[in-house]
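# Descriptive analysis of the structure
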Amino acid sequence: MKIFHTVEEVVQWRTQELRETRFRETIGFVPTMGCLHSGHASLISQSVKENTYTVVSIFVNPSQFAPTEDLDNYPRTLPNDIKLLESLKVDVLFAPNAHVMYPQGIPLDVEEQKGPFVTVLGLSEKLEGKTRPNFFRGVATVVTKLFNIVMADVAYFGQKDIQQFIVLQCMVDELFVNTRLHMMPIVRNSNGLALSSRNKYLCPNSLKISENLYCGLKAAENAIRSLVPGASLSRSEVIDIVTQIWAPYIDSHDFKVDYVSLADFKTLVELPAVENTSVQQPLVISCAVYVTDREKPNTIVRLIDNIVI
Ligand code: PAF
């Protein structure tokens, strides 16, 4: 009889046993909300390359939308998504309806919700969480449900939603979830705009303006990477470098800054200053900006981006 005293020992034993009976087969999993683009394709291709089987889910998760957000208008393109998944040689698509995922129903008003929910305190309230208070509760809940259903070895997430990745990593670590997370780099257009399903809402002119998001972050990255040993930049100096690039657009009708953050990569605690990269812990410069569409002034899209250094 084997006697184990740590979670790691149990998990390791279980994984090994499973592997032996499954002839070392692995399952890779890519959870999505559909409207798939090249960013998703890069996650899926990585999973197909690294695993015996790849499962993709498409589920527009109501619990991560506030009552004021775009749940009903969120782009849904299932027939095109299926074609893309077939061309990428995905083994399984899981596309449940809301009743399957939330048997007690899922009203958007949190006060009316019933059933189990997962909250990652300390990380979920920061940055995106300030504008979207229940967003990460919704994400952590649906990802837990999906992980329990798919029981994958590894799940792939994009760096674009970096706070989502950090919240989920904490959830996986501290709830002892037996699915590993793999973060894949941001896929950008040729001018640096991070691909997002919500870019679809913007006309070509507004997309051009949105490309400045990355230019600002990149300028800050260059300044940090050029720091000589012993030198440092204060938090406000870093943020000024970003916002100077955005200056022609800031607070115009087109471009309103929600936040620019300079934070520790693991804890998302804001840093007072940053030093030469040889001594600096990994950090993330992230931002969220509201872009108003030039052709449809009622359409305001919130774009996020980040760089990890
Ligand atoms: O990143 C997304 O598309 C969603 O937040 C996710 C992880 C599929 C959960 O609904």
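Figured I'd write up the structure that's included with this text. The structure presented is a predicted model; accordingly, all values stated were derived computationally and were not measured.

## Brief notes about the sheet that holds strand E5 (residues 180-184)
Within a sheet, each strand pairs with its neighbour through backbone hydrogen bonds, oriented either parallel or antiparallel. Pairing is parallel in the open sheet, where 5 strands are placed in the order E3-E2-E1-E4-E5. The open sheet has two edge strands, strand E3 (92-94) and E5, and neither has a second partner. On average, adjacent strands in this sheet sit at an angle of 25° to one another, irrespective of strand direction. Here strand E1 (residues 27-32) pairs with strand E4 (residues 154-158) via 2 bridges, running parallel. Bridge assignment links glycine 28 to a residue of E4, and that residue is valine 154. Contacts from helix H3 (residues 78-87) reach strand E2 (53-58) and E3 within the one sheet, and its direction differs from that of E2 by about 170°.

## Description of the sheet that holds strand E9 (residues 283-292)
Strand order in the open sheet formed by 3 strands is E7-E9-E10, and the pairing between neighbours is antiparallel. The open sheet has two edge strands with one neighbour each: strand E7 (255-264) and strand E10 (300-308). Neighbour-to-neighbour, the strand axes of this sheet turn through a mean angle of 15°, independent of strand direction. Where E9 meets E10, 9 bridges bridge the pair, whose relative direction is antiparallel. Within the sheet, the bridge partner assigned to serine 286 lies in E10 and is asparagine 306. Sheet strands touched by helix H9 (residues 212-225): E7, E9 and E10. Its angle to E10, the strand with the most contacts, is close to 20°.

## Observations concerning the nonpolar core
Soluble globular proteins: nonpolar side chains tend toward being buried together. By size, the foremost hydrophobic cluster in this structure holds 38 residues, and its most contacted members are Phe29, Val143, Phe147, Phe157, Met171 and Leu181. No other element matches the 9 residues that helix H6 (residues 135-150) contributes to this core. What phenylalanine 147 contacts, discounting residues up to four positions off in sequence, is Phe29, Ala152, Ala155, Phe157, Val172, Val177, Thr179 and Leu181. Leu202, Leu213, Val238 and Val260 belong to the second-largest nonpolar core, a separate cluster that totals 27 residues.

## Regarding unusual backbone geometry
The general pattern is negative phi for most residues beyond glycine and trans for most peptide bonds. The phi dihedral of cysteine 35 is positive, around 50°, even though this residue is not glycine. Mapped onto the elements, cysteine 35 comes out in the loop between E1 and helix H2 (38-50). Notably, leucine 268 is not glycine yet its phi reads approximately 60°, a positive angle. Position of leucine 268 among the secondary structure elements: in the loop between E7 and strand E8 (273-275).

## As for the environment of valine 308
Examined against the element boundaries, valine 308 turns out to sit in strand E10. In this structure the C-alpha to C-alpha distance between valine 308 and asparagine 134, which are 174 residues apart in sequence, comes to 25 Å. Contact partners of valine 308, with chain neighbours within four places excluded, come to Gln159, Ile162, Arg225, Phe265, Leu283 and Val284.

## Some thoughts on the packing of aromatic side chains
Each pair of aromatic rings is reported with the distance of its centres and the angle of its planes. Using the criterion set out here, one finds 6 aromatic pairs in the structure. Stacked on the ring of phenylalanine 135, the Lys or Arg arginine 132 has its end atom at 4.1 Å from the ring centre. Over the ring of phenylalanine 117 we find arginine 137; its NZ or CZ atom is 4.0 Å from the centre of that ring.

## Digging into the site of the ligand
In the vicinity of the ligand, the residues found are Pro31, Thr32, Met33, Asn61, Gln64, Val139, Val142, Phe157 and Gln164. At 2.7 Å, a side-chain N or O of glutamine 164 approaches an oxygen atom of the ligand. For the ligand, whose unbound accessible area comes to 290 Å², protein coverage reaches 89%. Elements that contribute at least two residues to the shell around the ligand include exactly E1 and H6. Class assignment of the residues belonging to the shell around the ligand gives a composition of 5 nonpolar, 4 polar and no charged.

## Topic: H2
Every α-helix winds through 3.6 residues per turn, so residues three or four apart in the chain are directed the same way. Helix length check: H2 (13 residues) gives 18 Å between terminal C-alpha atoms against 18 Å at 1.5 Å per residue, within 8%. Within the span of H2, buried status applies to Gly39, His40, Ala41, Leu43, Ile44, Gln46 and Ser47. Where H2 is buried, its residues touch E1, E2, H3, E4 and E5.

## A few points about the pattern of salt bridges
Enumeration according to the criterion identifies 11 salt bridges in this entry. Of the charged contacts in the structure, one is a salt bridge between arginine 302 and aspartate 258, with a shortest N-O distance of 2.8 Å. Placement of the pair is arginine 302 in strand E10 and aspartate 258 in strand E7, with a sequence separation of 44 residues. Judged by its relative accessible area of 29%, aspartate 258 falls in the partly exposed class. Residues participating in the shared-partner salt-bridge network are Glu128, Asp258 and Arg302.

## Thoughts on helix H10 (residues 235-246)
Taking 1.5 Å per residue as the helical rise, H10 with its 12 residues ought to reach 16 Å, and the 17 Å between its terminal C-alpha atoms agrees with that figure. Of the residues making up H10, those classed as buried are Val238, Ile239, Val242 and Trp246. The arc that holds the buried residues of H10, viewed along the axis, is 95°, so those residues lie on one side. Where H10 is buried, its residues meet H9, strand E6 (232-234), E7, E8 and E9.

What counts and how
- Residues numbered from 1 in each chain as written.
- Predicted model: local features only at pLDDT ≥ 70, side-chain atom pairs only at ≥ 80, totals over all residues.
- Heavy atoms only, no water.
- Pairing = 2+ DSSP bridges.
- Helix = DSSP H or I, 4+ residues; strand = E, 2+ residues; numbered from the N terminus.
- Axes fitted to C-alpha atoms, helices over the stretch in contact; angles between N-to-C directions.
- Contact = heavy atoms within 4.5 Å.
- Core = buried A, V, L, I, M, F, W, Y, C linked by side-chain atoms within 4.5 Å.
- Buried < 20%, exposed > 50% of the residue type's maximum accessible area, 1.4 Å probe, protein only.
- Phe/Tyr/Trp six-rings, centres within 6.5 Å; stacked < 30°, edge-to-face > 60°.
- Lys NZ or Arg CZ within 6 Å of the ring centre and 35° of its normal.
- Near = heavy atom within 4 Å.
- Polar contact = N/O pair within 3.5 Å; in protein donor to acceptor, adjacent residues only side chain to side chain.
- Areas by Shrake-Rupley, 256 points an atom, 1.4 Å probe, with all protein chains shown as cover.
- Nonpolar A, V, L, I, M, F, W, Y, C, P; charged D, E, K, R; others polar.
- Expected span 1.5 Å × (residues − 1).
- Salt bridge = Lys/Arg side-chain N within 4 Å of Asp/Glu carboxyl O.
- Arc of directions from axis to C-beta.

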